Protein chains: 2
Amino acid sequence: MQDSHTSESTQKTIEETIVSGILSAKIRPGTRLSENQLAALFSVSRTRVREAMMRLETRGIVHVSPRRGWFVVEPSGEEAIAVYEARRVIEAGLLRSMRVLTDEGREALGAHLNEEKSAMAAGDRQRLTYLMGDFHIRIAELSGNAIIVDILRDLTARTILISMLYQSEFHAAQSHDGHCRIFEAMQAGDFVRAAELSIEHLDEVETGLDLTTRPDPLSELRSSLSLPPKTVSSAPTVRPQKPQIQRSN
Amino acid sequence: MQDSHTSESTQKTIEETIVSGILSAKIRPGTRLSENQLAALFSVSRTRVREAMMRLETRGIVHVSPRRGWFVVEPSGEEAIAVYEARRVIEAGLLRSMRVLTDEGREALGAHLNEEKSAMAAGDRQRLTYLMGDFHIRIAELSGNAIIVDILRDLTARTILISMLYQSEFHAAQSHDGHCRIFEAMQAGDFVRAAELSIEHLDEVETGLDLTTRPDPLSELRSSLSLPPKTVSSAPTVRPQKPQIQRSN
DNA sequence: CTTTCCTGTCTTGTATGCAAGATAGCCACA
DNA sequence: TGTGGCTATCTTGCATACAAGACAGGAAAG
């Protein structure tokens, strides 16, 4: 487990627990995160929970609806596109900047791909989701640049939320193939090719999304009434929260 | 002024004030940011100041030394290298992903370069520092991708802190030339060339730094005593804070 | 003169209390 | 049946109080 910003024992725990919950697809987009519940769960006061939420908010993972609550973000279609675009830019830029694949690197990625394969064989979908995202983080770790690792980790978390919202079926085999091809290019020392493959791979995944569905159930009604399409990054605006199961303390 | 995450009136003010203070080189690295002082300055309680600090910390702008205080980060030599590397990766990736330069884009960049020129003529160094950083943010804005804009804004802020620490002289003319060349390539529609120029430009700036000096005045002593080189991203460790002028409430 | 220790005062860390918006459920009423 | 409005209770927003570590300065001892 890389660190990049270790230290602070209890504090980061809430934050990291939530992020890793998302990375392993155990927390769905739109999930309500009650300050009181989290405080009770982690045996701390709301103060510290709030700090964690603030941090997660600046990381684009969580969102607050004033006096209504904190929610795991539900990226809109436009935001989803922006996330994939950002990933293409950064991941391709990263691969292009690489010059060598070290022995450790080759071993790490190879081991990872084997894990993907065995998770596919076992049909363990949650684990698979985690591994599919983690592959890209692993590549970033090869660069040794903690800044890029952190950025990509957060983007990967958002990607997973996006696929939980918009992905109709899970083309695990296709993704795995994409990863393998990238790895092969890297082994061949052809990082330009690896960058291109990485872009294609992300395009494939993005194409597999159906961005016309879910997150704004009123979109059809809204457009038939010809109201403004939707507030993109601006905040309040009612945004009808889909009924959550959780029921507060 | 782009927005990307507008809304929240008072709250973001503290955060944005500090960031823009850094972007315009009015706040030096290592500056102490007392919760009490900021609270008084903005007429709010420490609670809200703390929230702003937490956010800035996750953005890599600010750093807390437990029970000692908040400080604007003083990037180490390694961190400085990582910041430049991350910028090369992202900015080159971004330019490579571009396909067209719109008329508005050409106009915006052209106007910006004129501003650079006039600031150089006027010898307004603070303004020049701001503009030199802002050029890169402007390019990101052309992409219309708010995620990348935010990332690059924060990296630019760090870059400015780095140059305040390590830059012996300010080669404004050289930087300006670099910007002009990038702009020309973009106008010619040659974004691959623009990406290459962007990398060269960042290399130039990075080369102009003297990473052997400042931020850890004890480094020579430390190495002559053969102590561990320095805690990189881990926290406490005494790290003798250089005497600050400010004196608290 | 140097060293050690002690104490006052600064800082942040954390919990708690109160204010106020948002919502759901109910009741009255048409 | 449907509609409007009231109220009880949830939520977060924000300020404040207190705890506890860090540090500086001075006094006392060597």
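Nothing here was measured: the structure is a model prediction, and the numbers come from that model.

1. Focus: the overall build of chain A
- When helices and strands are counted, chain A shows ten helices and three strands.
- The linear arrangement of helices and strands in chain A, starting from the amino end, is α-β-α-α-β-β-α-α-α-α-α-α-α.
- Evaluated residue by residue, chain A yields a buried proportion of 48% over its 249 residues.
- Only carbon and sulfur atoms are counted for the fraction: they give 53% of the accessible area of chain A, which is about 12000 Å².

2. Concerning the environment of A:A185
Residue and element names in this part refer to chain A.
- As for its position among the elements, A185 is in helix α8 (residues 172-187).
- Counting along the chain gives eleven residues from A185 to E196, while the straight-line C-alpha distance between them is 9.9 Å.
- If sequence neighbours within four positions are ignored, A185 has contacts with D190, R193, A194 and L197.

3. A look at the pattern of salt bridges
- With the rule as written, the count across this model stands at 34 salt bridges over all chains.
- Taking the shortest distance from any N to any O, the salt bridge between B:E51 and A:R50 comes out at 2.8 Å. Placement of the pair is B:E51 in helix α3 (residues 46-58) and A:R50 in helix α3 (residues 46-58), with the two residues belonging to separate chains.
- For B:E51, a relative accessible area of 10% gives the class buried.
- We classify A:R50 as partly exposed; its relative accessible area is 28%.

4. Some points on the sheet that holds strand β3 (residues 69-72) of chain B
Residue and element names in this part refer to chain B.
- Across the sheet, which stays open at both edges, the three strands sit in the order β1-β3-β2 with antiparallel pairing between neighbours. Strands with a single pairing partner mark the edges of an open sheet, and in this sheet they are β1 (32-33) and β2 (62-65).
- In this sheet, β3 lies alongside β1 in antiparallel orientation, the contact comprising two bridges. Bridging across to β3, R32 finds its partner in F71.

5. Side note on the nonpolar core
- With 77 residues, the main nonpolar core has A:I90, A:I139, A:M186, B:I90, B:I139 and B:M186 as its most contacted residues.
- Those residues in contact with A:I139, other than ones at most four positions away along the chain, are A:L94, A:L95, A:M98, A:L109, A:I182 and A:M186.
- Core analysis: the next-biggest nonpolar cluster, separate from the first, contains 26 residues, B:I14, B:I18, B:V64 and B:M164 among them.

6. What about the pairing of strand β3 (residues 69-72) of chain A?
All names here are of chain A.
- Burial along β3 is two-sided: the face carrying G69 and F71 and the face carrying W70 and V72 are both buried.
- Where strand β2 (residues 62-65) meets β3, four bridges bridge the pair, whose relative direction is antiparallel. Bridging across to β3, V64 finds its partner in W70.
- The hairpin formed by β2 and β3 contains three residues between the paired strands, and R67 there has a positive phi angle of roughly 60°.

7. Some details on helix α9 (residues 191-207) of chain B
- The first and last C-alpha atoms of α9(B) sit 24 Å apart over 17 residues, in line with the 24 Å expected at 1.5 Å per residue.
- Those residues of α9(B) hidden inside the fold are in contact with α4 (77-97), α6 (125-143) and α8 (172-187) of chain B.

8. Description of the confidence of the model for chain A
All names here are of chain A.
- For chain A, the average pLDDT comes to 86, and 81% of its residues sit at 70 or higher.
- Across residues 1-9, confidence stays below pLDDT 50; counting only partners more than four residues off in sequence or on other chains, it has 14 contacts.
- Note that residues 219-249 has pLDDT below 50 and, in this model, 34 contacts with residues that lie over four places away or in other chains.

9. Comments concerning the packing of helix α4 (residues 77-97) of chain A against helix α9 (residues 191-207) of chain A
Residues and elements named next belong to chain A.
- Axis separation between α4 and α9 bottoms out at 8 Å; the angle between their running directions is 165°. As far as their axial angle goes, α9 and α4 are roughly antiparallel. In the packing of α4 onto α9, the handedness of the crossing is right-handed. Residue-level contacts link I81, Y84, R87, R88, E91, A92, L95 and R96 of α4 to F191, V192, A194, A195, S198, I199, L202, D203, V205 and E206 of α9.
- The residue makeup of the contact of α4 with α9, split by class, is eleven nonpolar, one polar and six charged.

10. Topic: the sheet that holds strand β1 (residues 32-33) of chain A
- The antiparallel open sheet is built from three strands, whose spatial order is β1-β3-β2 (chain A). Every other strand in the sheet has two partners, leaving β1 and β2 of chain A as the edge strands with one partner each.

11. Some words on the environment of A:V100
- Tracing the chain through its elements places A:V100 in the loop between α4 and α5 (103-122).
- Through-space distance from the C-alpha of A:V100 to that of A:L142 is 9.9 Å; in sequence the pair is 42 residues apart.

12. Observations concerning the packing of α6(B) against α8(B)
All names here are of chain B.
- Where α6 contacts α8, the two axes come as close as 10 Å, and the packing angle between them is 15°. In terms of orientation, α6 lies roughly parallel with respect to α8. When you trace α6 past α8, the crossing you get is left-handed. Side by side, α6 and α8 meet where L128, M132, F135, H136, I139 and L142 of the first sit next to A172, S175, H176, H179, I182 and M186 of the second.

13. Looking at unusual backbone geometry
- For A:A25, which is not glycine, the phi torsion reads 60° and is therefore positive.
- Residue placement: A:A25 occurs in the loop between α1 (9-23) and β1.

14. Observations concerning the side chain of B:H201
- With respect to the helices, strands and loops of the structure, B:H201 is situated in helix α9.
- Using a relative accessible area of 4% as the deciding quantity, one classes B:H201 as buried.

15. Focus: the side chain of A:N145
- Here A:N145 lies in the loop between α6 (125-143) and α7 (146-166).
- Here A:N145 falls in the buried class, since its relative accessible area comes to 4%.
- In this structure the side chain of A:N145 is engaged in a polar contact, spanning 2.9 Å, whose partner is the backbone nitrogen of A:I147.
- With sequence-adjacent residues up to four places away left out, A:N145 is seen in contact with A:A140, B:A82, B:E85 and B:A86.

What counts and how
Residues numbered from 1 in each chain as written. Chains lettered and ligands numbered in written order. Predicted model: local features only at pLDDT ≥ 70, side-chain atom pairs only at ≥ 80, totals over all residues. Heavy atoms only, no water. Helix = DSSP H or I, 4+ residues; strand = E, 2+ residues; numbered from the N terminus. Buried < 20%, exposed > 50% of the residue type's maximum accessible area, 1.4 Å probe, protein only. Areas by Shrake-Rupley, 256 points an atom, 1.4 Å probe, with all protein chains shown as cover. Contact = heavy atoms within 4.5 Å. Salt bridge = Lys/Arg side-chain N within 4 Å of Asp/Glu carboxyl O. Pairing = 2+ DSSP bridges. Core = buried A, V, L, I, M, F, W, Y, C linked by side-chain atoms within 4.5 Å. Expected span 1.5 Å × (residues − 1). pLDDT = per-residue confidence, 0-100. Axes fitted to C-alpha atoms, helices over the stretch in contact; angles between N-to-C directions. Parallel < 35°, antiparallel > 145°, perpendicular 65-115°, else oblique. Left-handed = near helix turned anticlockwise from the far one by under 90°. Nonpolar A, V, L, I, M, F, W, Y, C, P; charged D, E, K, R; others polar. Polar contact = N/O pair within 3.5 Å; in protein donor to acceptor, adjacent residues only side chain to side chain.

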